[in-house]
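# A closer look at the structure
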Amino acid sequence: MKILQEILIILKIFCKCVIYIYMIKITKNWHNLLKSEFEKEYFKKLQTFLKEEYLLQTIYPKIENIFNALNFCKYDDIKVVVIGQDPYHQQNQAFGLCFAVQDGVALPPSLKNIFKEIESDLNIKCKSSGNLGRWAVQGVLLLNTVLTVRQNLPNSHKNKGWEIFTQEIIKLVNQKNEQVIFVLWGNNAKVFAPLIDKDKHIILSAPHPSPLSAYNGFFGCKHFSKINEILIKNKKTPINWE
């Protein structure tokens, strides 16, 4: 009986590992751009860590949504990059886009403040849904610096390798010939500024939209109108921020 139980446990773990490998999704375009990163030692260690975490802990987002920031926004379509920190750590919130939550989920405080600034800046009414996929498909790369997190433990996957990977993504975007607008809210995002060619691209920075700092300069930054003004000047379609 004990042997049978051990066999069932092994089979269960094996099946979960197979599911893990199968469920990770990244578009061919981004995979080709990042394939050298996937072969590096740091990423292999990150993969080993994530396999164990997804097997033994509750991790967000779901495995298939880890690379949604890339899957929603093609490299060639990138106009704007918004850099976040790590995913929301409560149930049903995170799905791979920084600051965004899934349809039907209550807006977190930072996202509420983002919508508040949009409405004040552009004199429009934002949609009630916090699913920002509608921005991503217009060319807004909504990239967290860390792409996974344990339930109820913010920053629990910090310094496990994700930061190296996301820095490489920023470097790739920096190589684009056309001008890209990088939006850096808060100190964790601002550390990426040295990776950006300021002679070629635009950097907009402000305090984080969290209630702890939004009144120190996020409110009134008017980044959303500024982004659209720059895009129009460059003969590109502005972003519909509703």
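The paragraphs below set out a description of the structure included in this document. Keep in mind that what you see is a predicted model, and the values were worked out from it rather than measured. (Residues numbered from 1 in each chain as written. Predicted model: local features only at pLDDT ≥ 70, side-chain atom pairs only at ≥ 80, totals over all residues. Heavy atoms only, no water.)

## Things to note about the overall build of the protein chain
Counting secondary structure elements, the protein chain contains 9 helices and 6 strands. For the protein chain, the C-alpha radius of gyration of 19 Å lies close to 18 Å, the compact-globule estimate for 242 residues. In the protein chain, which comprises 242 residues, the share counted as buried stands at 47%. As presented, the protein chain carries roughly 12700 Å² of accessible surface, and 54% of it is formed by carbon and sulfur atoms. In the protein chain, 31 positive and 21 negative side-chain charges are present, and the distance between their average locations comes to 1 Å. (Helix = DSSP H or I, 4+ residues; strand = E, 2+ residues; numbered from the N terminus. Rg over C-alpha atoms; globule rule 2.2 N^0.38 Å. Buried < 20%, exposed > 50% of the residue type's maximum accessible area, 1.4 Å probe, protein only. Areas by Shrake-Rupley, 256 points an atom, 1.4 Å probe, with all protein chains shown as cover. Lys, Arg positive; Asp, Glu negative; His and termini not counted. Charge placed at Lys NZ, Arg CZ, Asp CG, Glu CD.)

## Description of the environment of Leu 172
One can find Leu 172 in helix α7 (residues 162–174). Put simply, Leu 172 and Lys 35 are 137 residues apart on the chain and 12 Å apart in space, counted from C-alpha to C-alpha. Among residues more than four places away in sequence, those in contact with Leu 172 are Trp 30, Leu 33, Leu 34 and Tyr 75. (Contact = heavy atoms within 4.5 Å.)

## Looking at helix α9 (residues 223–233)
All buried positions along α9 are accounted for by His 223, Phe 224, Ser 225, Ile 227, Asn 228, Ile 230 and Leu 231. Tucked into the core, α9 has its buried residues touching β2 (80–84), α5 (109–122), β5 (181–185) and β6 (202–206).

## Looking at the pattern of salt bridges
Tallying each qualifying case throughout the model produces 5 salt bridges. Residue Lys 176 is joined to Glu 178 by a salt bridge in which the shortest nitrogen-to-oxygen separation is 3.1 Å. Under the relative-accessibility criterion, Lys 176 is labelled buried at 3%. (Salt bridge = Lys/Arg side-chain N within 4 Å of Asp/Glu carboxyl O.)

## What to know about the pairing of β5
Burial within β5 is extensive, with 5 of its 5 residues counted as buried. Where burial is concerned, the two faces of β5 agree: the one with Ile 181, Val 183 and Trp 185 and the one with Phe 182 and Leu 184 are both buried. Direction of pairing for β2 relative to β5: parallel, over a ladder of 4 bridges. Looking at β5, one finds that Val 81 is bridged to Phe 182. The pairing of β5 with β6 spans 5 bridges and is classified as parallel. (Pairing = 2+ DSSP bridges.)

## Structural notes on empty space enclosed by the protein
Inspection of the entire model under this criterion finds 1 cavity of 30 Å³ or more. One number sums up the size of the largest cavity: a volume of about 50 Å³. Every residue along the wall of the largest cavity is listed here: Ile 66, Phe 67, Ala 69, Leu 70, Gly 96, Leu 97, Cys 98, Leu 142, Leu 143, Asn 144, Leu 147 and Ile 169. Only α4 (68–72) and β3 (140–144) provide two or more residues apiece to the lining of the largest cavity. Tallied by class, residues from the lining of the largest cavity come to 10 nonpolar, 2 polar and no charged. (1 Å grid on protein atoms, 1.4 Å probe; cavity = no way out; pocket = protein on both sides within 12 Å on 5 of 7 lines; lining within 4 Å. Points joined across faces, edges and corners; volume = space filled by probe spheres on them. Nonpolar A, V, L, I, M, F, W, Y, C, P; charged D, E, K, R; others polar.)

## Quick notes on the sheet that holds β3
Spatially, 4 strands are ordered β3-β2-β5-β6 in an open sheet, and the strand pairing comes out parallel. The sheet is open, and its two borders are formed by β3 and β6, each paired with just one other strand. Shown here is a sheet whose adjacent strand axes are inclined to one another by a mean of 20 degrees, direction ignored. Taken together, the 5 bridges between β2 and β3 define a ladder with parallel strand orientation. Paired with Val 82 across the two strands is Leu 142, which belongs to β3. In the packing of α7 onto the sheet, contacts are made with β2, β3 and β5, and the angle to β3 comes to roughly 155 degrees. Of the strands in this sheet, β2, β5 and β6 touch α9, which is tilted by about 170 degrees from β5. (Axes fitted to C-alpha atoms, helices over the stretch in contact; angles between N-to-C directions.)

## Digging into the side chain of Lys 79
If you trace the backbone, Lys 79 turns up in the loop between α4 and β2. Here Lys 79 sits buried without a salt bridge, and the closest side chain of opposite charge, Asp 77, lies 8.2 Å off (N-O distance).

## Comments concerning the nonpolar core
Side chains of a nonpolar character, in soluble globular proteins, are inclined to be buried together. Among the nonpolar cores identified, the biggest contains 72 residues, and Ile 114, Leu 141, Trp 162 and Phe 165 are the most heavily contacted of them. When residues in this core are grouped by element, the largest group, 6 residues, is from α7. Contact partners of Trp 162, with chain neighbours within four places excluded, come to Phe 43, Leu 46, Leu 50, Ile 66, Phe 67, Thr 145, Val 146, Leu 147, Thr 148 and His 157. (Core = buried A, V, L, I, M, F, W, Y, C linked by side-chain atoms within 4.5 Å.)

## Topic: the packing of helix α3 (residues 41–56) against α7
Axis separation between α3 and α7 bottoms out at 9 Å; the angle between their running directions is 125 degrees. For the element pair α3 / α7, the angle class is oblique. The chirality of how α3 crosses α7 is left-handed. Seen from α3, the contacting residues are Tyr 42, Phe 43, Leu 46 and Leu 50; seen from α7, they are Trp 162, Ile 164 and Phe 165. Class assignment for the residues of the contact of α3 with α7 results in 7 nonpolar, no polar and no charged. (Parallel < 35°, antiparallel > 145°, perpendicular 65-115°, else oblique. Left-handed = near helix turned anticlockwise from the far one by under 90°.)

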